[in-house]
Amino acid sequence: MMREITYLEAVREAMSQEMRKNDDVFILGEDIGVYGGAFGVTRGMIEEFGPERVRNTPISEAGIAGAAVGSALTGMRPILELQFSDFITIALDQIVNQAAKIRYMYGGKGKVPMVVRTPSGSGTGAAAQHSQSLEAWVTHIPGLKVIQPSTAYDAKGLLKAAMDDDNPVIFYEHKLLYKTSSDVPEEQYSIPLGQADVKRKGTDVTVVATAIMVHRALEAAAELEKEGISIEVIDPRTLVPLDEETIVKSVSKTGRVVVVHEAVKRGGYGGEIASMIAESEAFDYLDAPIKRLGGAPSPVPYHPELEKAHAPQVPDIIKAIKETLNKA
Amino acid sequence: MMREITYLEAVREAMSQEMRKNDDVFILGEDIGVYGGAFGVTRGMIEEFGPERVRNTPISEAGIAGAAVGSALTGMRPILELQFSDFITIALDQIVNQAAKIRYMYGGKGKVPMVVRTPSGSGTGAAAQHSQSLEAWVTHIPGLKVIQPSTAYDAKGLLKAAMDDDNPVIFYEHKLLYKTSSDVPEEQYSIPLGQADVKRKGTDVTVVATAIMVHRALEAAAELEKEGISIEVIDPRTLVPLDEETIVKSVSKTGRVVVVHEAVKRGGYGGEIASMIAESEAFDYLDAPIKRLGGAPSPVPYHPELEKAHAPQVPDIIKAIKETLNKA
Amino acid sequence: MKKMNVPIKITDDKLVDLYKEMWLIRYFDEKVDEFFAKGMIHGTTHLAVGQEASASGVCALLDVEDKITSTHRGHGHCIAKGATADKMMAELFGRTTGYCKGKGGSMHIADVDMGNLGANGIVAGGIPLAVGSALTAQMKKQKYVTVCFFGDGATNEGSFHEAVNLASIWDLPVVFVCENNQYGMSGPVKDMVNVEDIATRAQAYGIPGVVADGNDIVEMMNVTDEAVERARKGEGPTLIEAKTYRWKGHSKSDAKKYRTREEEKEWRAKDPIKRFKSQLVESGLLTEEKAEEIRLAAKKEIEDAVKFAEESPMPTLDDLLTDVYA
Amino acid sequence: MKKMNVPIKITDDKLVDLYKEMWLIRYFDEKVDEFFAKGMIHGTTHLAVGQEASASGVCALLDVEDKITSTHRGHGHCIAKGATADKMMAELFGRTTGYCKGKGGSMHIADVDMGNLGANGIVAGGIPLAVGSALTAQMKKQKYVTVCFFGDGATNEGSFHEAVNLASIWDLPVVFVCENNQYGMSGPVKDMVNVEDIATRAQAYGIPGVVADGNDIVEMMNVTDEAVERARKGEGPTLIEAKTYRWKGHSKSDAKKYRTREEEKEWRAKDPIKRFKSQLVESGLLTEEKAEEIRLAAKKEIEDAVKFAEESPMPTLDDLLTDVYA
Ligand SMILES: Cc1ncc(C[n+]2csc(CCOP(=O)(O)OP(=O)(O)O)c2C)c(N)n1
Ligand SMILES: Cc1ncc(C[n+]2csc(CCOP(=O)(O)OP(=O)(O)O)c2C)c(N)n1
Ligand SMILES: [Mg+2]
Ligand SMILES: [Mg+2]
C-alpha cells in the first residue's frame with residue numbers, strides 16, 4: 001500500500017521494519033534514545049526496541065564506529081548513526097582502515113555488514129563544522145559502498161538494500177530533505193545498489209544531480225521546459241557502485257551534460273562522474289564541454305545568504321544548462 | 001651551489017635551514033627524535049635542534065595535530081610529521097574541521113601556519129593500512145593547500161614555500177622517492193605554490209602525472225620516443241592551488257591527454273584534473289577521450305606482485321597513451 | 001559583615017564587576033533564546049543559562065594575555081574573557097560588525113585579541129588547541145596560561161585523552177575546566193561515564209583533579225587560582241570539574257525528555273547569580289538596591305547590543321570567498 | 001617438588017603444551033627475523049621475542065569460542081590463540097595458503113575461525129573492535145569473552161580511551177591487556193605517560209587495573225583468570241598491564257638508539273621461557289631432557305612451516321580484485 005510519508009519517516013520505517021524481523025540489527029549513536037537523534041530520525045524507536053537495540057552512546061565517534069565494526073565482524077548488523085556527517089573526520093580510521101579493508105586484508109575471511117547513516121549538507125545555518133558534504137572521501141575507498149537518496153521512496157528502498165548488504169555502506173541523508181514527502185509503500189522493498197534513476201526524461205541536456213540537487217535540477221528543468229528546452233535529470237542514487245551505463249547512455253543521447261552536487265566542486269565526486277563520461281564512448285557524442293557545478297571553494301558560512309550562495313541553486317543550474325546549450 | 005642529494009635529504013635540509021633562521025619553526029611527530037622518524041627524514045635533527053624543537057610525541061595523531069594547530073594559531077610555525085599518510089584518518093578532524101576553517105569561521109582573524117608532512121604510497125610491502133594515497137581527501141577542503149613533490153629539487157623548494165605560507169599545507173612525500181636524487185642548490189629557494197612543471201616537452205600526448213607517476217611517465221615517454229611518439233609530461237607539483245593554465249595549454253596543443261596517479265582511480269584527484277580539462281577551452285581541441293589511470297579498486301595488497309599490479313606501472317602508461325593515440 | 005574568601009588578586013571592585021558580568025551572560029543568553037524561539041536568528045545555539053559562575057569565576061583569574069578555548073556553549077566564556085555583547089550579538093545576527101563578520105555564528109565566536117581562541121562546534125575539538133596554545137607559551141617562554149573549557153560529554157572523546165596526556169607529559173601551562181552540567185545533548189553523565197567524578201580522570205595522567213561547585217563563583221575562583229598559579233610556575237596542568245547544570249534545553253529544539261522537571265527545579269534553586277548576590281550583600285560589598293541597579297544596567301547593555309546588531313550591515317556576496325586563506 | 005600456583009582449569013598437560021607454545025612463538029619470530037635480515041620477506045614485521053609469556057599466559061585461559069584482537073606485534077598472540085605456524089609463515093611469504101592468501105602479510109594475520117579477529121596495523125585500532133566483539137556477546141547472550149591486546153604506546157591513542165569507556169559503562173565482557181614493553185617504536189613509556197603504571201588508567205573508567213609481571217606466564221595466567229571470570233560473570237572489563245620487554249628492534253630496521261645495551265641485557269636475563277622452564281622443572285612437570293626435546297620439536301615445527309610456505313603457490317593477478325566485497 002502506498003501513502004505519502006516524509007524522507008525522515010521513510011528512513012525510520014526502513015530501520016524499524018528490519019529490526020522487527022531481524023534481531024541482529026541494532027542502532028547505536030549519540031542521543032538516539034529518548035531524544036530521538038539530532039534530527040528526530042529515531043524518535044519513538046527506543047520505546048519500541050529498548051535501550052539495548054537503540055543504543056545511546058557517549059560522544060565517542062571513533063569508539064562507537066569501531067564498536068560497530070567489531071560487532072559486525074562477530075555477527076551483528078549494526079546501524080551507526082553519526083550525528084552530523086562532518087564528524088566522520090573522527091570516525092574515519094575505523095571506517096576506512098578497518099571496516100573497508102578487513103575482508104580484503106584477511107583474504108576474504110570475515111565480513112563487516114554495517115550501515116553508517118549520517119546527515120549532510122548545508123542550509124540549516126549550522127556553519128562550517130556542521131554543513132559539509134564529504135561523500136567524495138568515502139567513494140575513494142575500495143571496500144565501502146556509498147548511497148545518497150534524494151526522495152523518501154528511494155531512502156526507504158536503498159536503506160533496506162544497505163541493511164541487507166554484507167559490506168560497510170555509508171548512507172548519506174540530507175538535512176533539508178528530511179521533511180520532504182513522497183509516495184512510499186508500507187511494505188519492505190529494496191532498491192538495488194548501482195541503479196541510477198532517471199527522475200525526468202529529456203532530450204537536450206543531461207543533468208546528473210545528487211541528493212538535494214536532484215530537486216533543484218527538477219525545478220530548473222520545469223523552468224526550462226517553458227522555454228522549450230528538454231532536460232533529462234539522472235539521480236545516481238548510489239555513488240558506489242555507480243550506474244555508469246545509465247549516465248553514459250543519456251549523455252550519448254543528449255550530447256550535453258551538467259553534473260551538479262552540493263559538495264565543494266574541487267575534489268568532489270562530480271569530477272569522477274564528469275571524467276567517467278569524458279573517458280567513455282559518450283565522449284564522441286559530446287557537443288559541449290562537460291559542466292560541473294558544486295559548492296564554492298570556502299568553508300560553509302553562517303550568514304543565510306552567504307550560505308545559500310555557497311551551494312548551487314536553481315538559477316545556477318539554469319545558467320549552466322544554458323551555457324552548455326550555447327556551446328556549439 | 002648545486003650538488004646531488006636525495007629527496008629525503010632535500011626535505012631534511014629544507015627544514016633544517018629554516019629552523020636555523022626562524023625560532024618559531026619546530027617539528028613534532030612520533031619517533032622523530034633519536035630514531036629519526038620511520039623513514040629517517042629527521043635523522044640528526046634532534047642532535048642539532050634539541051628535543052624541544054624536534055619534539056617526539058606520544059602516539060596520538062589527533063592530539064598532536066590539534067597541538068600543532070593551537071600552536072600555529074598562537075604564533076608558532078609547526079611542522080607535523082604524520083608517520084604514515086594513512087593515519088590522517090585519525091588526525092583529520094583537527095586538520096579539516098579546525099585548521100582549514102579557523103580563519104574563515106573567525107571572519108579573517110587568526111591564521112594557522114602549519115605544514116603536515118607525511119609519506120604516502122605503496123611499494124614497500126606494508127599492505128592495506130600503510131600504503132594509501134589519500135591526497136584527494138584534502139584537496140576537497142577549502143582552506144588547505146596540497147603539495148606533492150616528485151623530485152628532490154621540487155621537494156626542497158616546495159617545502160620552503162609551504163613553511164613560508166600562512167595557511168595549513170599538506171605536504172605529501174612519496175616513500176619510494178626518498179632515495180632518488182637530483183641536483184639541488186645548497187641555499188634556500190622557494191618554488192611558488194600553483195606552478196606546474198613541464199618535466200618533458202612533447203607534442204603528441206600530454207601526460208599529467210603526480211609524485212612517483214612523474215618518473216613512470218618519463219620512462220614511458222622515453223620508451224615511446226623510440227617509436228617516434230612525443231610525450232609532454234606535466235607535474236602539477238601542487239594540487240591546491242592547481243596550475244590549470246599550464247595543463248590546459250598543453251592539452252590544447254597536443255589534443256590528447258592521460259592523467260595518472262597512484263591513488264585509487266575512483267574518486268581520485270585525477271577526476272578533478274580530467275574534468276577540469278573537459279570543462280575548459282581545451283575541450284575543443286581534444287582528439288580523443290581523456291584517459292585516467294589510477295590505483296585499482298581494492299585495498300593495497302601485501303604480495304609484491306599484487307601490490308605492483310595495484311598501481312599504474314610504465315607499461316600501463318604506455319598502453320594508455322597508445323589507446324589515446326589510436327582514438328581518432 | 002562576612003569577608004569573602006577569594007584569591008588575593010580579586011579586588012572588591014572586581015567582585016562587583018563579576019556580578020554584573022554574570023547578569024550580562026544570563027541576559028545575553030536569555031535574549032538569544034527569545035530570538036531563536038521567534039525564529040529571528042538563523043542556525044542553532046547552545047545556552048549556558050545557569051552556568052554563569054564557572055565562566056566568570058574561572059576567567060576572573062585570567063589576564064588579557066591569558067588564553068581560553070571554548071565550546072559550542074560558549075557565549076558565557078566569551079563575555080567573561082572580555083568580549084563585548086554588541087559584537088557577539090551582531091555575529092548571531094550575521095552582521096559584518098560581528099566577531100566573525102557573520103561567517104561564524106554562535107558556534108564559532110572567537111575574540112583572538114582578547115585571548116579567546118574560539119568557540120568550537122566539534123565536541124572536545126578545542127582541547128588539543130588549548131594544549132597547542134600552552135605549548136607556544138612554553139616554547140616562547142611567555143607567561144600566559146591557557147584555560148580550556150569543555151563539557152562532561154567531551155571527556156569521552158579521544159581528543160580529551162590525547163590532549164590531557166600531552167599536557168601532562170610536557171608540564172604545559174594549561175588548566176582544563178570541565179563544566180559538568182550533568183548531560184551531553186541528552187546523554188546523562190552517569191550513564192556515559194563510569195566514575196562518580198570526572199575529576200577522577202586526572203589520575204590517568206598523574207595531574208591534580210579537583211571537584212568544585214560550579215554554581216559557586218567564589219569556589220570556582222579559588223580552585224582556578226591554584227590551578228593557574230601551578231600552571232604559571234611550570235608545574236603543569238590541572239583538571240577542574242565544575243558541577244553545574246544548564247537550565248535550558250541543549251539547543252534550540254529540545255523537549256528535555258531525558259530529565260525531569262523536578263531535577264530542573266532543584267538546580268534552578270541553586271542559581272549561581274542569586275547565590276553570589278547573597279554573598280556580596282552579606283560581605284557588605286553590595287546593597288540590594290545597588291545589585292538591582294547593576295542587574296538593570298546589564299539588561300540595558302544587552303538591549304543596546306541588540307540594537308547595535310540590528311543596525312549593523314549585512315555581508316555581501318563578495319564576502320563568500322574572502323578570509324579562506326591568510 | 002613445588003606445586004605451581006595456577007588457575008584450576010590449567011592442567012599439567014596444558015602447562016607442558018604452553019612451554020612448547022612459547023618456543024614456537026620464539027622460534028617463529030627468530031626465523032622471521034632471519035628472513036627479513038636476508039631480505040627474503042617483503043614488507044615489514046614486528047617481533048615479540050621476549051614477550052612470549054603474556055601471549056601464552058593470557059590465551060591459556062581462553063576457549064576456542066573466546067576471541068582476541070591483536071596488534072602489529074601479533075605473531076605470538078596468533079599462535080597462542082591456536083593458529084598454526086605453517087599458514088602464518090605462508091602468509092609472510094605471500095602465498096595463497098597463508099591465513100590471508102598473501103593479501104595481508106605480517107600486520108594483518110587473522111584467524112577468525114579460531115577467534116583471532118586479527119592483527120592490526122593501526123596502533124590502538126583493534127581496541128574498539130574488541131569492544132564491538134564483546135557487545136555482540138552481550139547482545140546475543142553468548143558466553144564468550146574477548147581479550148584485547150595492545151601496547152603501552154597504544155594507550156595514548158584516543159581510541160583506547162573511547163573504547164575502554166564504552167566497555168566500562170556497558171559492563172562488556174572484555175579484558176584489556178596492555179603489553180607494556182617500555183617503548184613504542186622508540187618513545188619510552190616513561191616520557192609518554194605521566195603515571196608509573198599504565199594500569200592506573202583503569203581508574204578513569206572505574207574498572208579494576210592490575211599490574212602483572214609480563215615475563216612470568218604463571219602470574220599472567222592468574223591475573224587473566226580473574227579478569228576473564230569477572231567478564232564472563234557480566235561484571236565488566238579489567239585492564240591488565242603486563243610489564244615486559246621486546247628483545248629485538250621495533251621493526252626490521254632499528255638501530256635502537258633510544259635505549260641502552262645494558263638495559264637490553266638486564267631484560268634478556270628475565271627470559272620468560274627460561275623462567276617457565278625452571279618452574280616446570282622445579283614442580284616436577286618437566287625434566288631438563290624432556291624440555292630440550294620440546295624445544296627441538298618446536299624448532300622443527302617452525303622449519304616445517306617454512307618448508308610449507310616455500311612450497312606453497314603464489315597468488316595470481318586475478319586475485320587482486322577478489323575479496324574486496326562480501
Ligand atoms: C564531535 C562531535 N560530536 C557530537 C556533536 C554534537 N553535539 C554538540 S554538543 C553535544 C553535547 C556535548 O556535551 P557536553 O560536552 O557535556 O557539553 P554541553 O553541551 O553539556 O555543554 C553534542 C553531542 C558535536 N558537535 N561534535
Ligand atoms: C595510528 C598509528 N600510529 C602510528 C603507527 C606507527 N607505529 C607502529 S607500531 C608503533 C609503536 C606502538 O607502540 P606500542 O603500542 O607500545 O606497541 P609495541 O610496538 O611496543 O608492541 C608505532 C608508532 C601506527 N601503526 N598506527
Ligand atoms: Mg554537558
Ligand atoms: Mg610498546
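Below or above, wherever it landed, is the structure these notes cover. (Residues numbered from 1 in each chain as written. Chains lettered and ligands numbered in written order. Predicted model: local features only at pLDDT ≥ 70, side-chain atom pairs only at ≥ 80, totals over all residues. Heavy atoms only, no water.)

### Some details on the coordination of the magnesium ion (ligand 3)
All names here are of chain C. The magnesium ion (ligand 3) binds to the protein through Asp152 (OD), Asn181 (OD1) and Tyr183 (O); the donor distances cover 2.0 to 2.1 Å. Mapping the donors of the magnesium ion (ligand 3) onto the primary sequence gives the spacing D-x28-N-x1-Y. Highlighted residues: aspartate 152 in the loop between strand 2 (146-151) and helix 6 (158-169) and asparagine 181 in the loop between strand 3 (174-180) and helix 7 (189-192), separated in sequence by 29 residues. (Donors = N, O, S within 2.8 Å, 3.2 Å for Na, K, Ca; no water. Helix = DSSP H or I, 4+ residues; strand = E, 2+ residues; numbered from the N terminus.)

### Quick look at the interface of chain B and chain A
Contacts between the two partners involve 55 residues from chain B and, on the opposite side, 55 residues from chain A. Both sides together, the interface formed by chain B and chain A hides about 4,600 Å², and carbon and sulfur atoms give 58% of it. Where chain B packs against chain A, one counts six salt bridges. When the shortest N-O distance is used, the salt bridge between lysine 265 of chain A and glutamate 279 of chain B registers 3.0 Å. Elements with a minimum of two residues in the side of chain B that touches chain A: helix 4 (88-99), helix 5 (102-105), helix 6 (135-139), strand 13 (257-264), helix 10 (269-279) and strand 14 (291-295) of chain B. The biggest single contributor to the side of chain B that touches chain A is helix 10 of chain B, with eight residues. Across the side of chain B that touches chain A, the residue classes tally to 30 nonpolar, 14 polar and eleven charged. (Contact = heavy atoms within 4.5 Å. Buried area = accessible area lost by both parts, 1.4 Å probe. Salt bridge = Lys/Arg side-chain N within 4 Å of Asp/Glu carboxyl O. Nonpolar A, V, L, I, M, F, W, Y, C, P; charged D, E, K, R; others polar.)

### Some remarks on the sheet that holds strand 5 (residues 115-120) of chain B
Residues and elements named next belong to chain B. Reading across the sheet, the seven strands line up as 3-2-4-5-7-6-12 and stay open at both edges, with mixed pairing between neighbours. Of all the strands in the sheet, just strand 3 (54-56) and strand 12 (238-240) have a single pairing partner and so form its edges. Pairwise comparison of adjacent strand axes, ignoring direction, gives a mean angle of 20 degrees for this sheet. Note: strand 6 (residues 145-147) against strand 12, two bridges, orientation antiparallel. Within strand 12, the position partnered with isoleucine 147 by the bridge is threonine 238. Relative to the sheet, helix 3 (residues 61-73) contacts strand 2 (25-29) and strand 4 (77-81), its axis offset from that of strand 4 by approximately 165 degrees. (Pairing = 2+ DSSP bridges. Axes fitted to C-alpha atoms, helices over the stretch in contact; angles between N-to-C directions.)

### Quick look at the relation of the copies chain B and chain A
When chain B is fitted to chain A, the residual RMSD is 0.0 Å, and the transformation amounts to a turn of 180 degrees plus an axial shift of 0.0 Å. Such a combination of rotation and displacement between the chain copies is what one expects of a two-fold axis. Comparing interface residues between copies, 100% of those in chain B also sit at the interface in chain A, which points to an isologous, same-surface contact. (Least-squares fit on C-alpha atoms with pLDDT ≥ 70 in both.)

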